[in-house]
Amino acid sequence: MLGVRSLNTEYKIAQGPAVRAAKNVSFEVPTGKFFTLLGPSGCGKTTTLRSIAGLERPTSGEIEVGGKLIYSSQQNVFVPLNRRNFGMVFQSYAIWPHMTVYANAAFPLEVRKKSLTKTEIRDKVMRVLHAVALDEYADRDATKLSGGQQQRLALARALVMEPELLLLDEPLSNLDAKLRERMRFELKRIQRDLGVTTIYVTHDQSEALALSHEIAVMNEGEIIQVGSPRAIYERPRTKFVAEFIGTCNFIDGVVLGKGTRDHAWQVRSPLGDWQAFSEDPLQEGGKVSLSIRPENVELSDEPFSTGAPTNLCKGVVDQKVFLGDFIDFQVKVGETLLLARTHPSLRTPVGDPIHVRVAPEKCVVVSANSATA
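First, a word on scope: everything that follows refers to the structure included in this document. (Residues numbered from 1 in each chain as written. Predicted model: local features only at pLDDT ≥ 70, side-chain atom pairs only at ≥ 80, totals over all residues. Heavy atoms only, no water.)

### Considerations on helix H2 (residues 101-111)
Every buried residue belonging to H2 is among Val-101, Tyr-102, Asn-104, Ala-105, Ala-106, Pro-108 and Leu-109, and all of these are buried. The elements touched by buried residues of H2 are helix H3 (118-131) and helix H4 (147-159). (Buried < 20%, exposed > 50% of the residue type's maximum accessible area, 1.4 Å probe, protein only. Helix = DSSP H or I, 4+ residues; strand = E, 2+ residues; numbered from the N terminus. Contact = heavy atoms within 4.5 Å.)

See the structure below:
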């Protein structure tokens, strides 16, 4: 549905060279899917979204929607913003304060060139207000809505035009934490029910994991990794991705050779000679880092029984923090500190020995030196 190919966008500044905000950005989004551009501030995600919207003119590359080019540097194509039929919602909802909920949602239909009857407009408006659960508030002044309701009204106004593409730039960032969490479910339901292809920009990892069919992690203007939320979280390809999405242990090591399973490699590390997962072939003697999520570090007061190939070592409880539904343990193995997240039923005191186990498939090899793929 959406194809972005080798997109480059630059900003000229008064002094010095132009700033490359998006560098060779490429990705595909199938029809009806929810695709998220995720990354820290200044990574190029909003620039990419604005380039798709037509708010920025890229330097080079191609953007295609529904089989039609809307931008191509080679073919000198640039379809203006008002001819792209995209719905957009940004951090500021830009609700018209002097209008009712109904009037806000109806406004895009009333000013468009293709005229509709009042009945047609009402049918379309009430359908989208029902989709965002605001149909009962149609006659209410927009300023009397809560923050979450205003966010849904902004969505309704974007959806009433039946856009080919819905572009969302951090639309939940102005909401408080509890409302933001609730609105994730609402946004996911609306997108699923309407089936509109959606491009979402956020720096919030939890939002990206909760909402997306697929995520593109960006840094310094480039896409580092694209994949499903589970693949991005469980199979990061670089330190940057592993560190940006959640908490991670990084253990440096040296590749000894192939392991006993597919995609398994034997790695010598301060924790011992462990098996680790890598989709890419590794060079014997090469330096790597092992990425291990704290929830994948198993702890026990007693030695683990042997059986299936596994990674074992023994350490000492250095610190622990009770956090209600789990406990964070810091375990010292030699000179290495390992963070583990366990059930609060484990009560091993600080200073006592403890046994550690990590499944090889949960011990993921990432590049030791580079932040990009």
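Still more ground to cover, so stick around.
### As for the pattern of salt bridges
One pass over the full model with this rule turns up 17 salt bridges. The closest approach of N and O atoms between Arg-189 and Glu-186, which form a salt bridge, is 3.0 Å. Within this pair, Arg-189 and its partner Glu-186 are both found in helix H5 (residues 177-194), separated by three residues, close to a single helical turn. On the basis of relative accessibility, which here comes to 24%, the residue Arg-189 falls in the partly exposed class. Residue Glu-186 is classed as partly exposed on the basis of its relative accessible area of 23%. Residue Glu-234 pairs with Lys-362 through a salt bridge whose shortest N-O separation is 4.0 Å. Within this pair, whereas Glu-234 is found in helix H7 (residues 229-234), its partner Lys-362 is found in the loop between strand S20 (353-358) and strand S21 (363-367), the two being separated by 128 residues in sequence. What emerges from the salt-bridge pattern is a single network uniting Arg-5, Glu-28, Glu-62 and Glu-64. (Salt bridge = Lys/Arg side-chain N within 4 Å of Asp/Glu carboxyl O.)

### Observations concerning the sheet that holds strand S18 (residues 327-333)
Taken in spatial order, the five strands make up an open sheet running S16-S20-S17-S18-S19, and their pairing is antiparallel. The strands lining the two open edges of the sheet, one partner per strand, are strand S16 (298-300) and strand S19 (336-342). Put simply, the sheet's adjacent strands are angled 45° from each other on average, direction ignored. (Pairing = 2+ DSSP bridges. Axes fitted to C-alpha atoms, helices over the stretch in contact; angles between N-to-C directions.)

### Digging into the nonpolar core
One finds Val-125, Leu-129, Leu-153 and Leu-155 to be the most contacted residues of the largest nonpolar core, which totals 36 residues. For this core, the secondary structure elements donating two or more residues are H2, H3, H4, strand S8 (165-169) and H5. Ranked by size, the runner-up nonpolar core spans 26 residues in total, among them Trp-274, Cys-313, Val-317 and Leu-338. (Core = buried A, V, L, I, M, F, W, Y, C linked by side-chain atoms within 4.5 Å.)

### A word on the sheet that holds strand S7 (residues 86-89)
A sheet is described by the order of its strands in space; here six strands give the open sequence S7-S8-S9-S3-S10-S11, paired in mixed fashion. Of all strands in the sheet, those with a lone pairing partner are S7 and strand S11 (222-227), marking the two edges. Taken over all neighbouring pairs, the strand axes of this sheet differ in orientation by 15° on average, direction set aside. Note that S7 and S8 share four bridges and pair parallel.

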